Each structure stands twice: as structure tokens, then as C-alpha cells.
Amino acid sequence: MKVLVLGAGISGHTAASFLKKKLGKRHEVIVVSPSQYYQWVPSNIWVGVGRMKPEQIRFKLQKVYKRWGIIFKQAKAVSIHPEGDDSISSGYVTVEYTSEEKAGITEKVEYDYLVNATGPRLNFDATEGLGPGKNTLSVCSFSHATEAWEALRASIEKMEKGEKQRFLIGTGSPTSTCQGAAFEYALNISFELKRRKLDHLAEITWISNEYELGDFGMGGAFVKRGGYVTPTKIFTESIFAENNINWIKRAGVYKVEPGLAHYETLAGEYKTAGFDFAMLIPAFSGHDIKAYDKKGEDITSVVFAPNKFMKVDADYTQKPFEEWSVDDWPQTYQSPAYTNMYATGIAFAPPHSISKPMKSPNGTAIFPAPPRTGMPSGVIGKIVALNIAHQIKHGKIEHKHTANMGRMGAACIVSAGYSMTKGLGATMTVSPVVPDWDKYPQWGRDIKGTVGEIGLSGHWIKLFLHYMFLHKAKGYPFWWLLPE
Amino acid sequence: MTDPKVIRAYKDEYYPPVPTAATKRMRTNIFIQLYKFLMLNYKIMRIVVKGHS
């Protein structure tokens, strides 16, 4: 049997590693990824403030896959043909090579099972003037983070000469997600400027599409702290106030010019925010992958949702926020159209957002899309791999493992400064990721499983996880014992 | 030329709770943080184990 994994990020790499471990030499595991590197994305923040080099957060996939016996193709998926065509009876994916030596060459890669783990497309084009090479920076990849550090260093040099600098950090579109990464970056910039005693020359502003700070695309959370059950709104505002970071919330950035971000508020007002340095997270979408049936008819809308993420076993029925349920969220990540296709990590189409949808009087949707990064992506990649391996070994379709985001918790370690003795990190856990208002009517989540702590220990944990997850991803001894 | 006087009152950032000096010291106290490191890892592992069905 052949299992084809599209993507080698947290979810795809986890899926490929467990597939090979379970299936051994008798079956083929093929990974297609446009980049030659695996990158530990959460540490991009430290590249963006010059505390880590790109080489410390990435490694070449080919070396690891060769050792594991996984076939690696440095290419991007162009189209999926789940039924094959006139000449090929099995499903296949048309890929286009991106490596220097084979750039532009296409190939049909056949499969018996397909795992789509292509992650997000960074949709900078959704906001005019947004993104690297235009008017803002990003920390979404190691190359973007390296560029952000160069720009930050230039700002620091200006401040060392006494020049004031305005920093604008946050979301670059009305429906961006990944507020956590931007939050970390704002705190790390603040920490680095304090370390250099330059913070008096900085004006840091947070801009976000969240209804309240601390929403993070998951409708906020509540934590037990200091004898009170406190919303993450207070938690986040407190951190910002402590670090002299101003904030603009309920803001949908729709256009960026040099030194000026234009945004619409949820109240329908059009405003601007000036900056000398801006790092704004773009909207995410799925990749431009088409799907065709055996006759060559376009079935993209059958396989993919309009946002280009792949449809899975979620309930996509449109319903109001009050009727949302954890049962809307997928359990097995199997395509309803083709039972041998799965989508994991960010590549699956969520049934709806987690934060409540909001619209301005002008009709602009301004609220965060749902986050699906980190731990949930790894867990989903693993359970899909285990289920496929089980099906191949036993010859029948059954899903022994499930991972519903309404039953799964997540831990998020937010770096707030890199130093082994003075560093800070905010440790947050939520359980479950998607609020279950039936089971937990008061807070939506298990308050006993929710943590919010700030301290040096948070930095140690984030650094420990950096090394632990790279150890696991490189397939070093006992990698499979480490959790996702 | 001196910077204009800034009064934070009535601004959003005026109202949230901010840590006292003692709280800030505790955040980087090695012994307290070693304990927190172990305690937080335990709590994270509980979440992780529950998430793997």
C-alpha cells in the first residue's frame, strides 16, 4: 500500500513518522512538501528578536526521511484525482517540484491513502499592502522572522541614536487568527527594548480583530488566579499595561501603506494607525489545490470548502452561534467524499469559528478565525496515522482513535522574554479547546484544567519544549514516547 | 524641549491590574519558579494525556 502525505509541518510530519513506524518496510510512505526543511514554528518568535538563528529551529527533511525509509519529494501539490483517470486506476496527486534541480517538473504520485496536511496559505494578498516585500513584516516562517529581526535591529539602531520608534503588532486582516504569535512578538520586543534600556523611546501598539483582548480566536478563557476566576481579557490587558503596550481592539485592517495601517472598527468607523515597524499576521486560507474526478470534471467544491480547506467529518450546516456544539467538530478527519482521504492540522475545514462572529454596520466580518496549531495539529496527525495504519493492517475501515477539539485540551506557552534567569513566559492551558457549553455551562471549559501563570518557569518550559519537539521530529532515540 | 506631560487616567491601559514589585520578584525567583516549572509540567501533562485517545 502507498500512503501519501502532503505537507511536512507539525501535523504532516507527525502523521508520516507514525505511519512509517506502524507500517514498516512493507508499505510505502511518501511525503510531498514544497520546503526542504522542517521548522519548529513556535520558535520563530525568537528568530524574530535575534535570540535564535534559523538553523536552530529547522533541519533538512531528506536526511531524516532517508533514515526512516520515507520517500521525500520536494514539491507542491497542484491537483488531487481521487478516482484516478483513464490511464491510472488508483487515486493520484499531481505535484510540481520546487527543488532547484527539478523546479517546474510535474509528476503524478499515486496513493491508496491520502493525508492532506498542507497547512495554511499565508494570504497576504487579502489585505492591500500587507506582508514582507510590501509594508509590513511577518513571523510566520523562519525566513519572514529573519527579515523581521533585520528590521527590528534597524529600529533599535535608530533608538540608540535617540530616535523614537512606533511599533504596531497584531492582526493584518479582519479575520486573521494566530493572535498568540503576535502577542508573543509584542511581548518579546518589549522585553528586548527594556533589556537595552530603550523602552522609553518605544511606543508599542497592539491591533487586533478580537472583540476583547485575550480572545485568541477561541472565545477567550477563564483561569483561576489569585482567588478569583479571571477572564483572559484581564490577564492580557494586565500584561500589556505592565509593559506599556497600548491596544486597539475590534479592528479589521484592510489596507497598509508605508507607515500607515488603515482599519475599520466593529462600530463601523474608519481609522488609521501610524508605525515605523509593523508585524501583522495575515489571513490564512487553504492552498490552491484543485480536485478532479475520473472524467476530468472539476470536483474542487465537493472536496474543499470555499476557503480552500478540505472538508472532513464536521457538521458544516450553517447555524447561529447559540446552536453551536462540540459535535459540529470533526472526530476522524476523514473526507466525506472519499474514505481514503484525510485532512489534518490547519488543512481541515473547521465547521465554523470558535469566537462569536461579529459584523460592523458596514457588513465587514471582524472576528478571529479558529486557531488549530500546535498540540491539536500534532494529535490530529497522530490519530489519523494510527487509524490509516490500522485499516491497512486489518483491511477494514474503522477509526479506533478520535480527536475532537471539543474534547481535547491544549497548552500554550507564550514567550514574554528570552533569558535563562530573567526571561518570562505565560503558561496557559485550556480544556477543551472548543468550549462545551452543555458540559460546562458556566465557563464553557473545565476550570480545573485551565491554567494561567506568568514567570521564568514559562520560559524554561517553552525552551524545553523547543528542544524536546526537535528531538522528536528528528527521530532521535525514543521519539515516539514524547507526546504531541 | 521636554516631552508633554502624559496622564494615563481614563485611558484603557489605566484600569487593568498590574503586578506589584513583590509579584515581579517572585516571577524570577529561582526556587519559586523551579516549583512552578514542575507543577505546570504536571498540569500540562494531564491535559496532554487526556487529549490522546
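Here, the structure is the one placed above.
Residues numbered from 1 in each chain as written. Chains lettered and ligands numbered in written order. Predicted model: local features only at pLDDT ≥ 70, side-chain atom pairs only at ≥ 80, totals over all residues. Heavy atoms only, no water.

1. Some remarks on the packing of helix H5 (residues 142–160) of chain A against helix H6 (residues 179–195) of chain A
Residue and element names in this part refer to chain A. Stated precisely, the cut-off is as follows: To get an axis, fit a line to the C-alpha atoms, keeping to the stretch in contact for a helix; angles then go from 0 to 180 degrees between the N-to-C directions. Each helix corresponds to a stretch of at least 4 residues labelled H or I by DSSP, and each strand to a stretch of at least 2 residues labelled E; elements are numbered beginning at the N terminus. If you view the pair so one helix is near and one far, a crossing is left-handed when the near helix is turned anticlockwise from the far one by less than a right angle, and right-handed when it is turned clockwise. Between two residues, a contact is recorded if the distance between any of their heavy atoms is within 4.5 Å. Polarity classes work like this: nonpolar for Ala, Val, Leu, Ile, Met, Phe, Trp, Tyr, Cys and Pro, charged for Asp, Glu, Lys and Arg, and polar for all others, with Gly in that last group.
Axis separation between H5 and H6 bottoms out at 12 Å; the angle between their running directions is 35°. Seen from above, H5 lies across H6 with right-handed handedness. Contacts between H5 and H6 pair Ala148, Trp149, Leu152, Ile156 and Met159 from the former with Tyr185, Ile189 and Leu193 from the latter. Tallied by class, the residues present in the contact of H5 with H6 amount to eight nonpolar, no polar and no charged.

2. Quick look at the sheet that holds strand S11 (residues 202–207) of chain A
By definition, the strands of a sheet pair up through backbone hydrogen bonds, in either a parallel or an antiparallel sense. Residues and elements named next belong to chain A. Operational definition: Only strands joined by at least two bridges in the DSSP assignment are considered to pair.
Judged by pairing direction, the sheet is parallel, and its four strands sit side by side in the order S14-S11-S10-S18 without closing on themselves. Here the strands that pair on one side only, and so sit at the sheet edges, are strand S14 (245–248) and strand S18 (277–281). Sheet twist, expressed as the average angle between the axes of neighbouring strands with direction ignored, equals 15°. When S11 meets S14, the two strands line up parallel, connected through four bridges. Note that in S14 the partner of Ile207 across the bridge is Ile248.

3. Structural notes on the pattern of salt bridges
Proximity of charged atoms lets side chains of opposite charge pair with each other. All names here are of chain A. Applied cut-off: Should a side-chain nitrogen of Lys or Arg be within 4 Å of a carboxyl oxygen of Asp or Glu, the pair is scored as a salt bridge.
The tally for this structure, following the rule as stated, stands at 23 salt bridges over all chains. The closest approach of N and O atoms between Glu212 and Arg250, which form a salt bridge, is 2.7 Å. Residue Glu212 is located in the loop between S11 and strand S12 (222–225), and its partner Arg250 is located in the loop between S14 and strand S15 (251–257); the two are separated by 38 residues in the primary sequence. When salt bridges that share partners are traced, they join Arg51, Glu192, Arg195 and Arg196 into one network.

4. Re the pairing of strand S16 (residues 260–265) of chain A
All names here are of chain A. As a reminder of what qualifies: Only protein chains enter the area calculation, which uses a 1.4 Å probe; residues under 20% of their type maximum are buried, those over 50% are exposed, and those in between are partly exposed.
Of all six residues in S16, five are buried, a share of seventy percent or more. Examined bridge by bridge, S15 and S16 share six bridges and lie antiparallel to one another. Residue pairing in the sheet places Ala251 in a bridge with Thr265 of S16. Taken together, S15 and the strand that follows it, S16, pair antiparallel across an intervening segment of two residues, in which Gly259 is found at a positive phi of about 75°. The pairing of S16 with strand S17 (residues 270–274) spans five bridges and is antiparallel. When the bridges of S17 are listed, Leu260 appears paired with Gly274. Connecting the antiparallel pair S16 and S17 is a turn made up of four residues, with Gly268 showing a positive phi of about 95°.

5. What about the packing of helix H1 (residues 10–23) of chain A against helix H9 (residues 375–394) of chain A?
What describes two packed helices is the angle between their axes and the distance between those same axes. Residues and elements named next belong to chain A. The cut-off we apply is this: Under this scheme an angle from 65 to 115 degrees is roughly perpendicular, one under 35 degrees roughly parallel, and one over 145 degrees roughly antiparallel; angles in between are oblique.
Two elements in contact, H1 and H9, have axes separated by 8 Å at closest approach and are oriented at 30°. Between H1 and H9, the angle is such that the two are roughly parallel. As for how H1 packs across H9, the hand of that crossing is right-handed. The segment H1 lies against H9, with Ile10, Ser11, Thr14, Ala15, Phe18, Leu19, Lys22 and Leu23 engaging Ser377, Gly378, Gly381, Lys382, Ala385, Leu386, Ile388, Ala389, Ile392 and Lys393. Considering only residue class, the contact of H1 with H9 consists of ten nonpolar, five polar and three charged.

6. Quick notes on helix H7 (residues 232–242) of chain A
Within H7(A), nine of the eleven residues are buried, leaving the element largely enclosed by the surrounding structure. In the segment just after H7(A), Asn244(A) is the residue with positive phi, at about 55°.

7. Examining the side chain of Gln74(A)
All names here are of chain A. Note the threshold: Distance and chemistry together define a polar contact, namely a pair of N or O atoms within 3.5 Å, with one atom able to donate a hydrogen and the other to accept it when in protein, and with adjacent residues in sequence counting only for side-chain atoms on both sides.
Looking at where Gln74 falls in the secondary structure, it is placed in strand S5 (residues 71–81). A polar side-chain atom of Gln74 sits 3.3 Å from the main-chain carbonyl oxygen of Pro34. If sequence neighbours within four positions are ignored, Gln74 has contacts with Ser33, Pro34, Ser35, Gln36, Tyr97, Thr98 and Ser99.

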